[in-house]
Amino acid sequence: MYEYVNNISYSYAPFRGKDFLKDYFKLREHKIKTSKGKNEKLDEQAINIMKLLFMYEKTKKLRLLNTALKMNDKICSNKRITNACADTLEYEIKIIRELLNREGIDWE
Amino acid sequence: MGIGVIDFPSIRSSMYLEMMYKENLKPSYIVDAKYCNSINDSFIFEEVKKHSQDYWIYTGGGIVKDRLLKEIKLIHMHPGFVPYYKGSTCFYYSLLNTNTITVSALFMTGKLDSGDVILQKTYKTIPEGDIDNFVDPYLRTQTLKEVLLKYKKEGELKGKKQTEEGETYFVIHPVLKHIAILKARQ
């Protein structure tokens, strides 16, 4: 997942079906588990992502969710993420699960 | 005079040209742009000036500079319902929002997907296949066919101004792209 951030353009992401979503959840959850402590710069970004996700929940504008996902990818490309970043990832996962449920997509 | 094609080799341009020859809607001139970096290349500028046409069909992507737009009327098949879906990978966003895909035929301007709209066609049934490499170019081709038939019948193409500002989208994240495709396949 994180290789899309630095090396491969998002538009070339090949379709891998449900496997891709499984990997997405796995990678995000792993990052959440290994998060630790604080970092002023990363925490500032986490606040911005939180705001975007909150605005998405309020307006349902996919443009906002799209930006938040990309920003979270960037955060995940750091070796160690902070507790605040883990919170944004948890929030994002919750939103994606809701979206999958809303669309009736069984991804497991 | 007639309609020319600025051909940047791709699946999309192949489909356009195949349809035009098959449906007897042949282009009156083709600019072979395979060695050009972008639509703003001076080779294209010289070619379209030399071979004047009523309209030109653009098969690539990106912003066109004013120098070229002053010389020609350029038609672009945009895969989104403008003004609400401008920018990139709009197919996926509209699949997620409305479960439909719309192609807008519009005249290009210096601003992204903001030109006058010739016609718009919404597809409720999405053909099976890879969206990027088949569905997208196929639906654009179907809409282009309607534009060409309109030109053949009426002898000109009129555009309608976009009155609202709408939304501009950026390249979709793979997670949302996967959700959109899974949704379309259900």
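Above this text is the structure in question.
These numbers were taken from a predicted model, which means no experiment stands behind them.

A.B. asks: Report on the sheet that holds strand β2 (residues 29-32) of chain B, specifying residues and quantitative values.
C.D. replies: All names here are of chain B. Here we have six strands laid out as an open sheet, ordered β2-β1-β3-β4-β6-β7, and mixed in their pairing. Across the chains shown, the open sheet's two edge strands, defined by having one partner strand only, are β2 and β7 (117-123). Neighbour to neighbour, the strand axes of the sheet diverge by 20° on average, direction disregarded. With two bridges connecting them, strand β3 (residues 55-58) and strand β4 (residues 74-78) associate as parallel partners. Bridge pairing in β4 links W56 to L74.

A.B. asks: Which residues make up helix α4 (residues 62-76) of chain A, and what values do they have?
C.D. replies: Residues and elements named next belong to chain A. A rise of 1.5 Å per residue sets the reference length of α4, with its 15 residues, at 21 Å; its end C-alpha atoms lie 21 Å apart and thus fit the reference within 8%. Counted residue by residue, α4 has 11 buried out of 15 residues, so it is predominantly covered. Within the span of α4, buried status applies to L62, L64, L65, N66, A68, L69, K70, N72, D73, I75 and C76.

A.B. asks: Go over the side chain of S94 of chain B, please, and point to the residues and values.
C.D. replies: Inspection of the secondary structure assignment puts S94 of chain B in helix α4 (residues 90-98). Excluding its chain neighbours within four sequence positions, the residues that come into contact with S94 of chain B are Y85, N99, T100 and I101 of chain B.

A.B. asks: Which residues make up unusual backbone geometry, and what values go with them?
C.D. replies: Glycine aside, residues mostly have negative phi, and peptide bonds are mostly found in the trans state. All names here are of chain B. With an omega of 5°, the peptide bond running from V82 to P83 counts as cis. Summarising the element assignment, P83 is placed in the loop between β4 and β5 (86-87). Despite not being glycine, T89 has its phi angle at roughly 45°, a positive value. Along the polypeptide, T89 turns up in the loop between β5 and α4. In this structure, N99 takes a positive phi of about 60° despite not being glycine.

The rules behind each value
- Residues numbered from 1 in each chain as written.
- Chains lettered and ligands numbered in written order.
- Predicted model: local features only at pLDDT ≥ 70, side-chain atom pairs only at ≥ 80, totals over all residues.
- Heavy atoms only, no water.
- Pairing = 2+ DSSP bridges.
- Helix = DSSP H or I, 4+ residues; strand = E, 2+ residues; numbered from the N terminus.
- Axes fitted to C-alpha atoms, helices over the stretch in contact; angles between N-to-C directions.
- Expected span 1.5 Å × (residues − 1).
- Buried < 20%, exposed > 50% of the residue type's maximum accessible area, 1.4 Å probe, protein only.
- Contact = heavy atoms within 4.5 Å.

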